[in-house]
Amino acid sequence: MNNHLPYRSVNNRMNIMDNKHGARIESMFNRISPRYDLLNRVISGGRDLAWRKKAVDLLGDLHGGTALDICCGSGDFLQVLLDRYGTDIKLIGVDFATGMLDLARLRFGENTSHRLLLGRADAMYLPLADSSVNAITIGFGIRNVADRDLALRETYRVLKPGGKIVMIEPSSPPNRFIRALFLAYFKYISPFIGGIISGDRAAYCYLHDSFIAFPPPEEFLGMMKKAGYPIVKAYPQFMGTAIIFFGEKS
Ligand SMILES: C[S@@+](CC[C@H](N)C(=O)[O-])C[C@H]1O[C@@H](n2cnc3c(N)ncnc32)[C@H](O)[C@@H]1O
């Protein structure tokens, strides 16, 4: 590990393996990783890129700072940060699925510079020092985490005072008609497309189920407050089909 970054080298493999839910999710993402990027674009209709850019806007100026992307997957959020800040930012991406991390390594190069560090870690046990990063991004990841309260407390712990977090998750649109269409899309069409492209329909059924199980925005904002964030906000996107959650550490 590179000592330019605030990475605390601890072996959190036990934590990952002890957690049955986590192990199931990890193996599912490893299975679908070869087709993940293509499917992500198709299923979100390409809109996720605009949401990521907007989320990065909310983080304010990060020149010279350090940003952590949790549940980084193939590195879509890291890419937006890299495109915006170039070498004027230190980036850390963590994910517990090696298949997804391999995609990120392929994308950014096996020998990532000291400005970009990729590592295997569980969102519930971040191997980082307290108050060590200026910003955190989590794209479509927090809903998969077994203990979201614990993961949110971890984000609060590793953020510097004044640091900001943004998380994107799909959401149930307020309009009844759009909601019905959206839910039908998520329940029937995305598993169908996912099944054809990845050969793993069950994984895309899980995405629908995890979406249904995710708390409503007000409740999630309450969880962020409980984790310590004094300032929290929700920014609905595209007719409320996705939400950017924002938090700031005092
Ligand atoms: C839907 S993908 C999103 C990937 C990426 N953030 C994006 O925006 O495209 C969810 C990712 O979260 C990771 N993940 C889920 N639970 C995790 C956990 N507890 N700790 C670390 N990574 C986790 C999965 O391995 C997967 O790569």
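Our subject is the structure listed above.
**Q** Sorry, what's going on with the overall build of the protein chain here?
**A** Across its full length, the protein chain carries 10 helices and seven strands. Against the 2.2 N^0.38 benchmark of 18 Å for 250 residues, the protein chain shows a C-alpha radius of gyration of 17 Å, consistent with a compact globule. Its C-alpha atoms put the protein chain at 50 × 35 × 35 Å along the principal axes. The buried share of the protein chain, taken over its 250 residues, is 52%. Contacts spanning at least 24 positions in sequence make up 76% of the contacts within the protein chain whose residues lie at least 6 apart. Here the protein chain displays about 11300 Å² of accessible surface, and carbon together with sulfur accounts for 55% of that area. Considering the protein chain, the positive charge centre built from 31 side chains and the negative charge centre built from 24 side chains are found 3 Å apart.

**Q** What should I look at first to understand the site of the ligand in this one?
**A** In the region of the ligand, 19 residues are neighbours, and Arg52, Cys71, Asp95, Ala123 and Gly139 sit closest. The separation between a nitrogen atom of the ligand and a polar main-chain atom of Cys71 is 2.6 Å. Between Ala123 and the ligand, the recorded distance is 2.8 Å, taken from a backbone N or O atom to a nitrogen atom. Partitioning the shell around the ligand into residue classes produces 11 nonpolar, four polar and four charged.

**Q** Looking at this model, I keep getting lost on the pairing of strand β6 (residues 231-237). Mind explaining?
**A** Remark: a regular strand shows side chains that alternate across the two faces of the sheet. Bridge count for β6 against strand β7 (residues 242-248) is seven bridges, and the pairing is antiparallel. Paired with Pro236 across the bridge in β7 is Ile243. With antiparallel pairing between neighbouring strands as the criterion, β6 and β7 make up a hairpin whose turn holds four residues, including Phe238 at a positive phi of roughly 40°.

**Q** Please clarify how the sheet that holds β6 should be interpreted in this entry.
**A** Hydrogen bonding along the main chain pairs the strands of a sheet, whether they run parallel or antiparallel. Spatially, the seven strands line up as an open sheet ordered β3-β2-β1-β4-β5-β7-β6, and their pairing is mixed. Sheet topology places β3 (116-120) and β6 at the edges, where each strand pairs with a single neighbour. For this sheet, the mean inter-axis angle between neighbouring strands, taken without regard to orientation, is 15°. Inspection of the sheet shows strand β1 (residues 66-70) paired to strand β2 (residues 90-95) by five bridges, in the parallel sense. Bridged to Ala67 within β2 is Leu91.

**Q** Teacher, can you tell me more about the nonpolar core here?
**A** Counting residues in hydrophobic clusters, the biggest one holds 31 residues, and the most contacted among them are Leu68, Ile136, Met167, Phe220 and Met224. Elements with a minimum of two residues in this core: β1, β2, β4 (133-139), α7 (148-158), β5 (159-170), α10 (217-226) and β7. The residues contacting Phe220, other than those within four sequence positions of it, are Ile142, Leu152, Met167, Phe214, Pro215 and Phe245. Judged by nonpolar contacts, the second largest core, of 26 residues, contains Leu59, Ala67, Phe77 and Val166.

Calculation notes
Residues numbered from 1 in each chain as written. Predicted model: local features only at pLDDT ≥ 70, side-chain atom pairs only at ≥ 80, totals over all residues. Heavy atoms only, no water. Helix = DSSP H or I, 4+ residues; strand = E, 2+ residues; numbered from the N terminus. Rg over C-alpha atoms; globule rule 2.2 N^0.38 Å. Buried < 20%, exposed > 50% of the residue type's maximum accessible area, 1.4 Å probe, protein only. Contact = heavy atoms within 4.5 Å. Areas by Shrake-Rupley, 256 points an atom, 1.4 Å probe, with all protein chains shown as cover. Lys, Arg positive; Asp, Glu negative; His and termini not counted. Charge placed at Lys NZ, Arg CZ, Asp CG, Glu CD. Near = heavy atom within 4 Å. Polar contact = N/O pair within 3.5 Å; in protein donor to acceptor, adjacent residues only side chain to side chain. Nonpolar A, V, L, I, M, F, W, Y, C, P; charged D, E, K, R; others polar. Pairing = 2+ DSSP bridges. Axes fitted to C-alpha atoms, helices over the stretch in contact; angles between N-to-C directions. Core = buried A, V, L, I, M, F, W, Y, C linked by side-chain atoms within 4.5 Å.

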